[in-house]
Amino acid sequence: MKNNKIKNIAVIGSGTMGSQIAMVCALGGYQVTLQDINEDSLAKAKQSLEGHMQRRIKKGKLSDDQVSQAFECMRFTSSLEDAVKESDFVIEAIVEKLDAKRALFTEADRLAPDHTILATNSSRIVSSEIADATNRPEKICNMHFFNPVLVMELVEVVQGPHTSEETTEITSELIKRINKIPILLKKEINGFVANRMLGKLMDEAIYLLENEIANVEEIDLACTKALNHPIGPFALMDLVGIDVVFNARVQNYDGTGEESMKPSTVLIKKVEKGELGRKTGKGFYTYS
Ligand code: 3HC
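Basis of the calculations
- Residues numbered from 1 in each chain as written.
- Predicted model: local features only at pLDDT ≥ 70, side-chain atom pairs only at ≥ 80, totals over all residues.
- Heavy atoms only, no water.
- Pairing = 2+ DSSP bridges.
- Helix = DSSP H or I, 4+ residues; strand = E, 2+ residues; numbered from the N terminus.
- Axes fitted to C-alpha atoms, helices over the stretch in contact; angles between N-to-C directions.
- Contact = heavy atoms within 4.5 Å.
- Buried < 20%, exposed > 50% of the residue type's maximum accessible area, 1.4 Å probe, protein only.
- Lys, Arg positive; Asp, Glu negative; His and termini not counted.
- Salt bridge = Lys/Arg side-chain N within 4 Å of Asp/Glu carboxyl O.
- Polar contact = N/O pair within 3.5 Å; in protein donor to acceptor, adjacent residues only side chain to side chain.
- Core = buried A, V, L, I, M, F, W, Y, C linked by side-chain atoms within 4.5 Å.
- Near = heavy atom within 4 Å.
- Areas by Shrake-Rupley, 256 points an atom, 1.4 Å probe, with all protein chains shown as cover.
- Arc of directions from axis to C-beta.
- Disulfide = S-S within 2.5 Å.

Student: I keep staring at the sheet that holds strand E2 (residues 31-35) and nothing clicks. Help me out?
Tutor: Sheet strands pair by backbone hydrogen bonding; their relative direction is either parallel or antiparallel. Judged by pairing direction, the sheet is mixed, and its 8 strands sit side by side in the order E3-E2-E1-E4-E5-E6-E7-E8 without closing on themselves. Each having just a single partner strand, strand E3 (74-77) and strand E8 (181-185) make up the two edges of the open sheet. For this sheet, the mean inter-axis angle between neighbouring strands, taken without regard to orientation, is 25°. Strand contacts of helix H1 (residues 16-27): strand E1 (8-12), E2, E3 and strand E4 (89-92), with the helix running at about 170° to E2, the strand carrying the most contacts. Contacts from helix H6 (residues 165-177) reach E1, E4, strand E5 (117-120), strand E6 (140-144), strand E7 (154-158) and E8 within the one sheet, and its direction differs from that of E6 by about 25°.

Student: What is the right way to look at the side chain of Lys180 in this model?
Tutor: Positionally, Lys180 belongs in the loop between H6 and E8. At 7.3 Å, Glu153 is the nearest oppositely charged side chain to Lys180, a buried residue that forms no salt bridge. Looking at Lys180, its side chain comes within polar contact range of the main-chain oxygen of Val149, at 2.6 Å. Beyond its immediate sequence surroundings of up to four residues, Lys180 is in contact with Val24, Val149, Leu150, Val151, Met152, Glu153, Val155 and Ile175.

Student: Would you mind going over the nonpolar core with me for this structure?
Tutor: Generally speaking, soluble globular proteins have nonpolar side chains that are buried together. With 40 residues, the main nonpolar core has Ile9, Ile21, Phe89, Ile91, Met143 and Phe145 as its most contacted residues. A total of 7 residues in this core trace back to one element, the largest contributor, which is H1. Sequence-distant contacts of Met143, defined by excluding residues within four places in its chain, comprise Phe89, Ile91, Ala119, Thr120, Asn121, Val155, Glu156, Thr171, Leu174 and Ile175. Leu80, Ala83, Leu104 and Ala131 belong to the second-largest nonpolar core, a separate cluster that totals 16 residues.

Student: Can you help me understand the site of the ligand in this one?
Tutor: Around the ligand sit 20 residues, and of these Gln20, Lys59, Lys61, His144 and Asn147 come closest. Contact between the ligand and Arg56: an oxygen atom at 3.5 Å from a side-chain N or O atom of the residue. Lys59 places a polar side-chain atom, nitrogen or oxygen, 2.5 Å from an oxygen atom of the ligand. Summarising the interface, the protein chains cover 69% of the accessible area of the ligand, which totals 1,000 Å² for the free molecule. Elements with a minimum of two residues in the shell around the ligand: helix H2 (39-58), helix H7 (194-210) and helix H9 (233-240). Residue contributions to the shell around the ligand peak at 3 residues, all from H9.

Student: For this particular structure, what's the right way to read helix H3 (residues 64-72)?
Tutor: Every α-helix carries 3.6 residues per turn, so stepping three or four residues along brings you back to the same face. Here H3 has its buried residues at Val67, Ala70 and Phe71. Along the axis of H3, the buried positions cluster into a sector of 95°, meaning they face one direction only. Facing away from the buried side of H3 by over 90 degrees, the exposed positions are Asp65, Gln69 and Glu72. As for H3, its buried residues are in contact with H1, H2 and E3.

Student: Would you explain the state of the cysteines in this entry?
Tutor: Between two cysteines, a covalent bond joining their sulfur atoms is known as a disulfide. All told, the structure shown has 0 disulfides when counted by the stated rule. Free cysteine Cys25: the closest other cysteine sulfur is in Cys73, separated by 11 Å.

Here it is, written out as structure tokens:
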């Protein structure tokens, strides 16, 4: 199965990541089916994508034609069978729960054609924890996008011990065709490359805050104005979701037992209060 034979992509899970992954694939000229068991989530995804595309048209970054062609290439469905039965490539972007992902991969493996690659967008679960739930381990890999997917250019491809070279080649080629930049990790590692580095930055920001060295705004300013990061670590935690950051810490701590991985009191309190960032209107900052 060569990349130029890939025509149909199924994206499973219509949350923030899945919906934007589907959109970049459609803008790249692929026929895309976005699947979610929740019809409301699909409707919200469509509405949100239309908003993002309208803003790009207004800014002159995309033409009306490009956007309408992309939407013509997209289908929305709640049926997994409908989504994957004629797919050449499946990208899973559902909840970060191993059992749910394994169950989905077993089903997708049963329903998809034999040649189809099944990739996971998981940031924490390596594909070797999933591959044995299928009969095609050589066609399973991680394909990790960054938030917001419409903007962030890098995608990490992670080769598990079971993943064939052909699978990572096809996946990397697909990433280039949707105007993104792939990096290939030849071995699995917890957190991959970018999130490992980001985790250290966030930990240090929290350390400085908890020790009352500087406040949220000042620490963020140090990153934006001294290091030229587009946003600081607290603004970024609000963007990604404080619950997402917290859950990653819990998983890392449970997995390694390392004291330094323990979620900080600041994160625990934010999660307890439901102050999860932009999505709840309040995190480290308040949003109108
Ligand atoms: N979804 C889609 N597009 C968005 C967006 C969103 N939530 N928020 C902003 N954008 C787009 C805007 O439409 C605009 O697009 P355009 O350039 O094509 O017109 C562009 O981003 C710039 O937006 P703004 O001018 O409104 O705002 P900023 O200049 O402040 O940029 C940002 C916003 C792109 C989010 C920028 O702050 C940024 O790059 N932040 C860092 C993001 C980052 O580090 N992401 C990685 C997170 S870690 C991760 O994803 C790991 C994973 O495992 C969860």
